[in-house]
Amino acid sequence: MGRYEIREGVVLKRANVGEADRIVTFLTPEGKLAAVAKGVRKITSRKASHLELFSQVTIHLVETSGLPIIQEIVSQNRFPRLRMDLDAAGQAFWAAELIGRLVQDEAGGTLYPYLIDYLTRVNEGAGPLDVRAFELAVLAELGWQPELHQCAHCHMPLVAENHGWSHQHGGVLDQSCCDTQGVNYRVSLDAIKTLRLLTSQSLGVSHRLQVSAGVNQEIEIILRSYLESISERPWRSLQLFA
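**A word on the pairing of strand E5 (residues 69–77)**
A regular strand places its side chains on the two faces of the sheet in alternate fashion.
Argument step 1. Pairing of strand E4 (residues 56–62) with E5 involves seven bridges; the strand directions are antiparallel. For His60, the partnering residue across the bridge sits in E5 and is Glu72.
Argument step 2. Count of turn residues in the E4/E5 antiparallel hairpin: six residues.

Here it is, written out as structure tokens:
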């Protein structure tokens, strides 16, 4: 028998293999982890209820020459609202797809506390800015944080006015660079200020901010388009839960 190991993690994805097994992908404090849950699709399986999507669990693993095998699994937090509320489910699926697609191999461990905080907020009833704050945290941790304080092209400080947004340059362009470089979107001063607040504070600040519906929509459109430009293909969860 291989080495025995205990990990903490959140269930991101499950895939059926063989007659009764599943490969389960987790995000753990050490990074992404894929492991085999033997016989978990059998009616008599005691592990199945602990492997619901988005559950926070303790995983007992046995190392093998291939993927580790889940020997035992214990739920810590099942975030029940995520299975009872369609909006909450959509917000959770979005986070799982975001991490699953952008985090490569066994990286991404630094995102674990952000994911736990985010799922906790979704379970309590997250607002649009909670989702935007999580998107920005993922971008920052993975090296794609947008430039919001100086022009992303000429690097001159931004004056307090409306500007432009460029996916290619990774953030806000000042007026002169908008004319020469082209932009994906025009971005209002209120949207820029809100994005700065969301990136400069912990996720906890998002539910205290009060912004207009128009600014909320503006930020959502820009960030999700930016994320799609990074991913280079549409996001499935956004199409399913639009």
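**Looking at the packing of helix H2 (residues 112–124) against helix H3 (residues 128–141)**
Argument step 1. Running from N to C, H2 and H3 cross one another at 170°; their axes reach a closest spacing of 10 Å. Our classification of the angle between H2 and H3 gives roughly antiparallel. Seen from H2, the contacting residues are Tyr114, Leu115, Tyr118 and Arg121; seen from H3, they are Asp130, Val131, Phe134, Ala137 and Glu141.
Argument step 2. Looking at the contact of H2 with H3, its residues break down into six nonpolar, no polar and three charged.

**Quick look at a nonpolar patch on the surface**
Argument step 1. A surface patch of nonpolar side chains, amounting to about 390 Å² of accessible area, comprises Leu86, Phe93, Leu240 and Phe241.
Argument step 2. Take Leu86: it is sitting in helix H1 (residues 86–102).
Argument step 3. Its relative accessible area of 63% is what places Leu86 among the exposed residues.

**Some words on the pattern of salt bridges**
Argument step 1. Scanning the entire structure with this criterion turns up 10 salt bridges.
Argument step 2. Here Glu5 and Arg7 are joined by a salt bridge, their closest N and O atoms 2.7 Å apart. Arg7 carries the same exposure label as Glu5, and that label is buried.
Argument step 3. Several salt bridges converge on common partners, so that one network encompasses Arg3, Glu5, Arg7 and Glu30.

**Regarding the sheet that holds strand E7 (residues 171–173)**
Two orientations exist for strands paired in a sheet by backbone hydrogen bonds: parallel and antiparallel.
Argument step 1. Read across the sheet, three strands follow the order E7-E6-E8 without closing on themselves; strand pairing throughout is antiparallel. Each end of this open sheet is capped by a strand with a single partner; those strands are E7 and strand E8 (185–187). Across the sheet, the mean angle from the axis of one strand to that of its neighbour is 45°, orientation sign disregarded.
Argument step 2. Across three bridges, the pairing between strand E6 (residues 163–166) and E7 is antiparallel. Looking at E7, one finds that Ser166 is bridged to Gly171.

**What about H3?**
Argument step 1. Its 14 residues give H3 an end-to-end C-alpha distance of 20 Å, which sits within 8% of 20 Å, the value for a rise of 1.5 Å per residue.
Argument step 2. Where the residues of H3 are buried, they touch H1, H2, helix H5 (189–200) and helix H6 (213–231).
Argument step 3. Once H3 ends, the next one or two residues include Gly143, with phi positive near 90°.

**Here we look at the state of the cysteines**
Argument step 1. The tally for this structure, following the rule as stated, stands at zero disulfides.
Argument step 2. Cys151 takes part in no disulfide bond, and the closest cysteine sulfur, belonging to Cys154, lies 3.6 Å away.
Argument step 3. Overall, Cys151 belongs to the buried group, its relative accessible area being 0%.
Argument step 4. There is no disulfide at Cys178, and the cysteine sulfur nearest it, in Cys151, is 7.4 Å away.

**As for the environment of Gly39**
Argument step 1. Mapping Gly39 onto the fold places it in the loop between strand E3 (31–37) and E4.
Argument step 2. Dropping the residues within four chain positions of it, Gly39 is found in contact with Ala20, Asp21 and Ser45.

Conventions used here
Residue indices begin from 1 for each chain and proceed along its sequence in written order. Owing to the predicted nature of the model, reporting of local features is limited to residues with pLDDT of at least 70; listing and counting of side-chain atom pairs is limited to 80 or more, with chain, interface and lining totals taken over all residues. Side-chain metrics in this entry use all non-hydrogen atoms of the structure; hydrogen atoms and water are not considered. If DSSP finds at least two bridges between two strands, the strands pair. The helix count covers DSSP runs of H or I at least four residues long, the strand count covers runs of E at least two residues long, and both are numbered beginning at the N terminus. Axis definition: a line fit to C-alpha positions, over the contact stretch in the case of helices; interaxial angles, taken between N-to-C directions, run 0 to 180 degrees. The cut-offs work like this: below 35 degrees is roughly parallel, past 145 is roughly antiparallel, 65 to 115 is roughly perpendicular, and the gaps in between are oblique. Two residues form a contact once any of their heavy atoms are found within 4.5 Å. Side-chain classes follow a simple rule in which Ala, Val, Leu, Ile, Met, Phe, Trp, Tyr, Cys and Pro form the nonpolar group, Asp, Glu, Lys and Arg form the charged group, and the remainder, Gly included, forms the polar group. Residues with no salt bridge and a relative accessible area higher than 30% make up the patches, which join like charges within 9 Å and nonpolar side chains (Val, Leu, Ile, Met, Phe, Trp, Tyr) within 5 Å. Accessible surface is estimated by sampling points in the Shrake-Rupley manner with a 1.4 Å probe; for residues, cover comes only from the protein chains shown. By definition, a salt bridge exists where a carboxyl oxygen of Asp or Glu is found within 4 Å of a side-chain nitrogen of Lys or Arg. Only protein chains enter the accessibility calculation, which uses a 1.4 Å probe; a residue whose area is less than 20% of its type maximum is buried, one above 50% is exposed, and one in between is partly exposed. What a helix should span is 1.5 Å times the count of its residues minus one. Disulfides are defined in this document as cysteine sulfur pairs within 2.5 Å.

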